[in-house]
Amino acid sequence: MQLLHISDTHLGKRQYGQDFREQDVYNVFNKLIDIAINERVDAIIHTGDFFDVYEPQNRAEIEAIKALKRLKEHNIPFISIAGDHDTPKKSDGRYPQDLLAELDLIKFLKNDKYVVGDVYIYGISHVPNTSKEKLKQRLYALKAESKKSILMLHQGFKELLPYEGAWQIGISDLPKSFSYYACGHIHDRTLKRLDDGRILEIAGSPDIMREEEIEGYKKNGKGATLIDFSKDEPRVQFINLDIRPQLVEKLDTTKLDEEIKRILNSLRIYKDRPILHIILTGISIPRDHLNKRLEILRQYASLVRIFKDETKVVQQAKNIELPSNARLDDLIIEYLTKIEGFSKDEAEMILEMIKHADDKEYVKKQLKKMLGIEEKEENKQTETEKKKNVSWW
């Protein structure tokens, strides 16, 4: 008897507002379905946050239905509870899983059980903080009918999320008659063996949904959990998925060229273009100038974003050291490179524009060159000339 535990799939999520990230989420979900079919599991158990919102867009529902139909064709039941993202925010709202249950594509457990072979699966959908005392009472009264029993939950545990308002129960609140607790909500994988051989297992999200998950992904991977209940004691195996990488890199703006080169080398090793999260350190530089310098990284990353800005604003150029006989040109070049973060070539170009400030055409041409507009216009002109020279037969 084998079960595949998955959780927090968040179908429909468009991380950073990007279309390709929404597609990534669907691709990952279909990979999980492939694993279930290839491993010939007896059922999938999903512990909440199936969708990213409780009123999902049509595409998210269609992608879910298509994938679940594949499971049904292979007679693999899909047993699900609701997470906090699935829970209606209106009193007359419905869970999105209700529709899937009516289509006979899933077994939706709100506070009941389902039996697969000789394994009893109990499910309690997410309970908010306002009702956590009722949840504890429900757990205290819950008794497993078999040694091979799984309790599905989507809650925060005090021991794992020790922040006010982030947890509803503690591990000690779990009913001891169960041998296995399959949980969702927390996005990092966790496996704890409790007293009497009981197992607390958190499947985690199968993709990186937040930047904070990157470290956990590096250590434990992302994917699904295969639970083997062939014997009295369940055996657990993590199955890792190949997902889009996400990197967090610090970039010191005082060594911009060197840092960009270093990060570029780290990006080139990946087959799939990763998402790059940058933490800026050093001194503050103009954002438009920074974005222009980061453009080369976008050739190797699917998305480059400033995750955190820890730079310091330099109020004065008092740290610049120049000889007493330094020329004004030297002072300007030093300020532009050391304080404003421009390259030496760019600083010299700016200096020439200052010297030719009365020549508007010259300044305009230099600005275009500096911003890369001139090159784009030349390429466009070349393409136009090529089209003119095309012969029609």
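For the structure, check the block above.
Given the structure is predicted, the values throughout are model-derived calculations rather than measurements.

Undergrad: Kindly report on the pattern of salt bridges, identifying the contributing residues and their values.
TA: For the coordinates displayed, the defined rule picks out 33 salt bridges. Residues Lys136 and Glu133 are paired through a salt bridge, measuring 3.7 Å at the closest nitrogen-oxygen approach. Within this pair, Lys136 and its partner Glu133 are both found in helix 4 (residues 132-141), separated by three residues, close to a single helical turn. Assessed through its relative accessible area of 23%, Lys136 is described here as partly exposed. For Glu133, a relative accessible area of 48% gives the class partly exposed.

Undergrad: Give a detailed account of the sheet that holds strand 1 (residues 2-6), specifying residues and quantitative values.
TA: What the six strands build is an open sheet, ordered 4-3-2-1-11-12; its pairing is mixed. At either margin of the open sheet sits one strand with a lone partner, and together these are strand 4 (107-108) and strand 12 (235-240). Where helix 1 (residues 19-38) meets the sheet, its contacts fall on strand 1, strand 2 (43-47), strand 3 (78-81), strand 11 (223-228) and strand 12, and the angle it forms with strand 1 comes to roughly 170°.

Undergrad: So what's going on with helix 1? Which residues, and what values?
TA: Compared with an ideal rise of 1.5 Å per residue, which puts 20 residues at 28 Å, helix 1 spans 29 Å between its outermost C-alpha atoms and is within 8% of the ideal. Considered for burial, the residues of helix 1 that qualify are Arg21, Glu22, Asp24, Val25, Tyr26, Val28, Phe29, Leu32, Ile33, Ile35, Ala36 and Ile37. Just past helix 1, the residue Arg40 takes up positive phi, approximately 50°.

Undergrad: Explain the nonpolar core to me, and be specific about the residues and the numbers.
TA: Most often, soluble globular proteins keep nonpolar side chains buried together rather than apart. One finds Leu4, Phe29, Ile44, Phe50, Leu71 and Phe78 to be the most contacted residues of the largest nonpolar core, which totals 38 residues. The set of elements that each furnish at least two residues to this core consists of strand 1, helix 1, helix 2 (58-73) and strand 11. The greatest single-element share of this core, amounting to nine residues, is contributed by helix 1. One finds Leu142, Leu174, Phe178 and Cys183 within the second-largest nonpolar core, a separate group that totals 21 residues.

Undergrad: Give me the side chain of Ser80: which residues, what numbers.
TA: Looking at the element boundaries, Ser80 is found in strand 3. According to the relative accessible area criterion, Ser80 is buried, its value standing at 1%.

Undergrad: Which residues make up helix 10 (residues 360-371), and what values go with them?
TA: Note that an α-helix has 3.6 residues per turn; residues three or four places apart therefore point the same way. Its 12 residues place the ends of helix 10 16 Å apart at the C-alpha level, agreeing with the 16 Å of an ideal helix rising 1.5 Å per residue. Of the surrounding elements, those touching the buried residues of helix 10 are helix 7 (287-294) and helix 9 (344-355). In the stretch just after helix 10, Gly372 is the one whose phi turns positive, near 80°.

Undergrad: Please set out the packing of aromatic side chains residue by residue, giving values where relevant.
TA: For the structure on display, the rule yields seven aromatic pairs. One aromatic cluster is present, built from ring pairs that chain together Phe29, Phe50, Phe51 and Phe78. A cation sits over an aromatic face here: Lys132 above Trp167, 4.7 Å from the ring centre.

Undergrad: Account for the sheet that holds strand 8 (residues 180-183), naming residues and giving values.
TA: Either a parallel or an antiparallel arrangement is found when strands of a sheet pair, and the pairing is made through backbone hydrogen bonds. Judged by pairing direction, the sheet is mixed, and its six strands sit side by side in the order 5-6-7-8-10-9 without closing on themselves. In this open sheet, the two strands that pair with only one neighbour each are strand 5 (111-116) and strand 9 (190-193). The average angle at which neighbouring strand axes cross in this sheet is 15°, direction not considered. Helix 4 rests against strand 5, strand 6 (119-124) and strand 7 (149-153) of the sheet, and its axis sits at about 165° to strand 6.

Undergrad: Summarise the environment of Leu267; cite the residues concerned and give the values.
TA: Looking at the secondary structure, you find Leu267 in helix 6 (residues 256-267). For the pair Leu267 and Val119, spaced 148 residues apart in sequence, the C-alpha separation works out to 46 Å. Here Leu267 is in contact with Leu247, Pro274, Leu276, Leu297, Tyr300 and Ala301, once residues within four sequence places are set aside.

Rules behind the numbers
- Residues numbered from 1 in each chain as written.
- Predicted model: local features only at pLDDT ≥ 70, side-chain atom pairs only at ≥ 80, totals over all residues.
- Heavy atoms only, no water.
- Salt bridge = Lys/Arg side-chain N within 4 Å of Asp/Glu carboxyl O.
- Helix = DSSP H or I, 4+ residues; strand = E, 2+ residues; numbered from the N terminus.
- Buried < 20%, exposed > 50% of the residue type's maximum accessible area, 1.4 Å probe, protein only.
- Pairing = 2+ DSSP bridges.
- Contact = heavy atoms within 4.5 Å.
- Axes fitted to C-alpha atoms, helices over the stretch in contact; angles between N-to-C directions.
- Expected span 1.5 Å × (residues − 1).
- Core = buried A, V, L, I, M, F, W, Y, C linked by side-chain atoms within 4.5 Å.
- Phe/Tyr/Trp six-rings, centres within 6.5 Å; stacked < 30°, edge-to-face > 60°.
- Lys NZ or Arg CZ within 6 Å of the ring centre and 35° of its normal.

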